[in-house]
Amino acid sequence: MDGLEDGIDPRVKLRFDHVLHPQEPSTWQRRNPGLWFQDFLAVKLSNVDLKIGLDAVTGLAELLEDEIQQMPLPVDISLDNINVHLSADDKVPPIPPIIACIDRLKLRRGLDGKIIVEPNLTPCMPPSLSTSQVSSSSTTEQRSSVVELKQENEQLRRRLIAMEKLNEENHQLRKLQEESQKLRSYLNSSQEEVFKLEEENRNLLKRIKEFKSEAMISEGR
């Protein structure tokens, strides 16, 4: 009880559910009374150190062999941070102890008697933290996350503004490049026209000289 008053979770938790299913009186003699009930056992072990002798394990196996076979009891066992030390002190020579560390494990047995072993993915609350401490820690983490998100959003907004300005500058630069290409095209066309006119001018001057020469020859005759 001291652990519960101090806000520390107990290391062993057990819950046994015993549900009654009423049956029709006409079926009482034909049915097994065990079918009237539905039982379920939930066990949770946390932060437990077990020291067990190998003789005790052997005796447990014999006990299970002598057990009267009945309808399997559905069981749900959750293990969290369990250390098991198996030792045999009465052996000569002594056998080194076997140490098994179980971080998180879950065992389930249904009505069919099959035992299912699976990882326990449910996060376990550290026993040293109370509910108020966990709530305060969670609130602090949420506030920190909100501040970080605001800072990231502000940085993204600034980057977006810079990208928009850069995009506008690139758009203007593309316009200038297009205009420059048009001017170059016009200049090339003008130069070609000038070359053609100069060529025609030279041809005309040549023909004028030829006409003058022919005229002077005609006058001399």
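By convention here, each chain's residues receive numbers from 1 onward along its written sequence. Local features in this predicted model are restricted to residues whose pLDDT is 70 or higher, and side-chain atom pairs enter the listing and the counts only when it is 80 or higher, whereas totals over whole chains, interfaces and linings include all residues. Side-chain measures were taken over the full set of non-hydrogen atoms in the model, leaving aside hydrogen atoms and water.

(A) Representation of the nonpolar core in the model. Put simply, a nonpolar core is a bunch of buried Ala, Val, Leu, Ile, Met, Phe, Trp, Tyr and Cys residues held in one set by side-chain atoms that sit within 4.5 Å of each other. For every residue, the accessible area (1.4 Å probe, protein chains only) is compared with the maximum for its type, and the residue is labelled buried under 20%, exposed over 50%, or partly exposed between those bounds. Core analysis: the largest hydrophobic core is formed by six residues, namely V43, L45, V48, L79, I82 and V84. The secondary structure listing takes helices from DSSP runs of H or I that are at least 4 residues long and strands from runs of E that are at least 2 residues long, numbered from the N terminus. Counting only elements with at least two residues in this core, the list comes to β2 (37–53) and β3 (75–88). Not counting residues within four places of it along the chain, the set of residues in contact with L45 comprises R11, V12, S78, L79, D80 and I82. When checking whether two residues touch, look at their non-hydrogen atoms; a contact exists if any pair is within 4.5 Å.

(B) Region of interest: unusual backbone geometry. Unusually for a residue other than glycine, N47 sits at a positive phi of about 55°. Looking at the secondary structure, you find N47 in strand β2. Positive phi, normally seen in glycine, also occurs at N81, with a value near 55°. Within the secondary structure, N81 sits in strand β3.

(C) Fine view of the pattern of salt bridges. Within this document, salt bridges are pairs made up of a side-chain nitrogen of Lys or Arg and a carboxyl oxygen of Asp or Glu, the two lying within 4 Å of each other. Under the criterion given, the structure shown has six salt bridges. A salt bridge links R108 to E118, with the nearest nitrogen and oxygen atoms 3.0 Å apart. Of this pair, R108 sits in strand β4 (residues 95–109) while E118 sits in strand β5 (residues 115–118), and the two are ten residues apart along the sequence. By relative accessible area, E118 is classed as partly exposed at 24%.

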